Amino acid sequence: MSNLRLINETEITSGVSTVNIEDVFSADFDIYKIVANDLSTVGTLQTDPDLRFINSSGSVISASNYDYAHLLMFTHTSFSVQRATSQAQLYRFFSQSVDQSPESGNQVSYIFNPFSNSSYSFAIYQSNSALAGIKTVIKGIGVLKQTASMTGFQVRDSNTTRPFAGGTIKTYGLRVDS
Amino acid sequence: MALVQVDSVTVTSPVASIYLTGINDDSVYMCVVSNASNNSGDYQLRMRVAVDSVQKSTGNYDYAYKQLDATTTFFNSAVTNANMFGGSTTGTSANEVQNYIFYFYNWYSSSEYSFWTNEETTYNSTPKLVGATGGGVYTVGESHNSVRFWTGNSVSNEYDTTQGTFTLYRVV
């Protein structure tokens, strides 16, 4: 049996700007793998698919406690970087900006120790996307600087008015057997 | 992709070394380091290939990486003829921990070099968020069945690792 266990699979319903994936982080695992594919928007205007954690009380963490850094690798121009501290979300965690299909965003990431109430929640992520013909690959890192137990996460249309048309989010736990 | 656990060590009190063993075929192996930190100062997490509990310390480690940093310019780094792979440096503050995902390639082969890739996210001794994406190679064609992790601040000085979970998986 694989030590990589599927915990949750969520299909994004067309027309929503936030998708909460709750009760996926637990004491059963310390490390999680998230795979997102085919994120797109209803309209032609793009949005950034960000991540916010959800704590054990069900509250979405919007405090300015997120730091991130990522490298953007473009096919049409020079590479660039984005980095910030004390943000309210992990910016472009799921990909560079996305818009209407057939262009989309796709991503794989690892989350370290989100359920622990004694350590920060860390992330490694990489994605690719296409927007108006611009193709972008991102490799990045992030952290939520709270020593509180997180039990889930939110996929977020950062613009809030450019909802998702679809996409699939799979969450796996990476089991460590003692 | 399926992962089968081969070995795991959870550190809850200071230890000088962590050896993960059980590489016994030509599969790709995934190694995950989670929530690792050290005991008494600002020290670097380090790695060497090994056979059982005998590490390989010759100057045959070449590696390169892109350093990501939440507060300043990213940079490229290339190291040749080192006697180990060096990761980030953390201190003893509670939130300064290191997390890595390695993939090991050809470690068991007696004729191939031993390669790895590494991804990292760490809250370092500054403290700030840093990480790296890169890879490396041990340029000796010999078989290795284990890996050693430890912390240090110079070639000869080694210090205790205080906490962390180190797990080796076979990719099947």
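To be clear, the structure that these remarks concern was listed above.
Asks: I tried to follow the overall build of chain A on my own but got confused; where do I start?
Replies: Looking only at helices and strands, one finds zero helices and 11 strands in chain A. Across chain A, helices and strands are ordered from the amino to the carboxyl terminus as β-β-β-β-β-β-β-β-β-β-β. Taking 2.2 N^0.38 as the reference for a compact globule, 178 residues should give roughly 16 Å; the C-alpha atoms of chain A span a radius of gyration of 15 Å, in line with that estimate. Taken across its 178 residues, chain A has 56% of its residues classed as buried. A sequence separation of at least 24 residues applies to 73% of the contacts in chain A between residues at least 6 apart. Carbon and sulfur atoms provide 44% of the accessible area of chain A, an area that totals close to 6900 Å². Put simply, chain A has 12 plus and 14 minus side-chain charges, and the middle of one group is 7 Å from the middle of the other.

Asks: Honestly, the sheet that holds strand β2 (residues 18-21) of chain A in this entry has me stumped. Any pointers?
Replies: Sheet strands pair by backbone hydrogen bonding; their relative direction is either parallel or antiparallel. All names here are of chain A. Strand order in this open sheet of three strands is β2-β10-β4, and the pairing throughout is antiparallel. Two strands in the sheet have a free side with no partner beyond their single neighbour: β2 and β4 (49-55). Averaged over all adjacent pairs, the angle separating strand axes in this sheet is 20 degrees, with direction ignored.

Asks: I'm lost on the packing of aromatic side chains in this one. Help?
Replies: Centre-to-centre distance and the angle between the planes together describe a pair of aromatic rings. A complete count under the given rule lists 23 aromatic pairs over all chains for this structure. With a centroid separation of 5.8 Å and 50 degrees between ring planes, the pair formed by Tyr68(A) and Tyr91(A) is classed as tilted. Separated by 23 residues along the polypeptide, Tyr68(A) in strand β5 (residues 66-74) and Tyr91(A) in the loop between β6 (80-87) and β7 (105-112) bring together distant segments of the chain. The residues Tyr68(A) and Tyr91(A) share a single accessibility class, namely buried. Taking the centre distance of 6.4 Å and the plane angle of 50 degrees together, the rings of Tyr61(B) and Trp116(B) count as tilted. Taken as a pair, Tyr61(B) in strand β6 (residues 61-69) and Trp116(B) in strand β10 (residues 114-123) lie far apart in primary sequence, 55 residues in all. Both residues of the pair, Tyr61(B) and Trp116(B), count as buried. The structure contains a cluster of three or more aromatic residues connected by ring pairs, namely Tyr61(B), Tyr63(B), Tyr65(B), Phe85(B), Tyr100(B), Phe102(B), Phe104(B), Trp107(B), Trp116(B), Tyr138(B), Phe149(B) and Phe166(B).

Asks: It is not clear to me how the environment of Val49(B) should be interpreted in this structure. Could you clarify?
Replies: Residues and elements named next belong to chain B. By the secondary structure assignment, valine 49 is in strand β4 (residues 43-51). Residue valine 49 is classed as buried on the basis of its relative accessible area of 0%. Considered as a pair, valine 49 and phenylalanine 104 are 55 residues apart in the sequence and their alpha carbons are 10.0 Å apart. Here valine 49 is in contact with Gln55, Lys56, Tyr61, Trp107, Ser114, Tyr138, His144 and Ser146, once residues within four sequence places are set aside.

Asks: What exactly am I supposed to notice about the environment of Gly167(A) here?
Replies: Residues and elements named next belong to chain A. Within the secondary structure layout, glycine 167 lies in strand β11 (residues 164-174). The sequence separation of glycine 167 and glutamate 11 amounts to 156 residues, and the corresponding C-alpha distance is 5.9 Å. Excluding its chain neighbours within four sequence positions, the residues that come into contact with glycine 167 are Thr10, Glu11, Ile12, Asn37, Asp38 and Leu39.

Asks: Explain the sheet that holds strand β3 (residues 29-38) of chain B to me, please; I cannot follow it from the model alone.
Replies: Residue and element names in this part refer to chain B. Taken together, the eight strands give an open sheet; going across it, the order is β1-β14-β3-β9-β10-β11-β6-β7, and neighbouring strands pair in antiparallel fashion. If you trace the sheet from one side to the other, it starts and ends with β1 (3-11) and β7 (75-82), each paired once. The mean angle between the axes of side-by-side strands here comes to 15 degrees, regardless of whether they run parallel or antiparallel. Across eight bridges, the pairing between β3 and strand β14 (residues 161-171) is antiparallel. Across the sheet, the residue bridging to serine 34 is threonine 165, located in β14.

Asks: Would you take a moment to explain the nonpolar core for this structure?
Replies: One broad rule of soluble globular proteins: the nonpolar side chains tend to lie buried together. Phe53(A), Leu90(A), Phe93(A), Phe94(A), Phe153(A), Val155(A) and Ile169(A) are the most contacted members of the largest nonpolar core, which has 32 residues in total. When contributions to this core are tallied by element, the ones reaching two or more residues are β2, β3 (31-41), β4, β5, β8 (121-131), β9 (134-144), β10 (150-157) and β11 of chain A. Excluding anything up to four places from it in sequence, Val155(A) contacts Ser17(A), Thr18(A), Val19(A), Ile21(A), Asp50(A), Phe94(A), Phe164(A) and Ile169(A). One finds Tyr29(B), Val33(B), Leu45(B) and Val147(B) within the second-largest nonpolar core, a separate group that totals 27 residues.

What counts, and where the lines are drawn
- Residues numbered from 1 in each chain as written.
- Chains lettered and ligands numbered in written order.
- Predicted model: local features only at pLDDT ≥ 70, side-chain atom pairs only at ≥ 80, totals over all residues.
- Heavy atoms only, no water.
- Helix = DSSP H or I, 4+ residues; strand = E, 2+ residues; numbered from the N terminus.
- Rg over C-alpha atoms; globule rule 2.2 N^0.38 Å.
- Buried < 20%, exposed > 50% of the residue type's maximum accessible area, 1.4 Å probe, protein only.
- Contact = heavy atoms within 4.5 Å.
- Areas by Shrake-Rupley, 256 points an atom, 1.4 Å probe, with all protein chains shown as cover.
- Lys, Arg positive; Asp, Glu negative; His and termini not counted.
- Charge placed at Lys NZ, Arg CZ, Asp CG, Glu CD.
- Pairing = 2+ DSSP bridges.
- Axes fitted to C-alpha atoms, helices over the stretch in contact; angles between N-to-C directions.
- Phe/Tyr/Trp six-rings, centres within 6.5 Å; stacked < 30°, edge-to-face > 60°.
- Core = buried A, V, L, I, M, F, W, Y, C linked by side-chain atoms within 4.5 Å.

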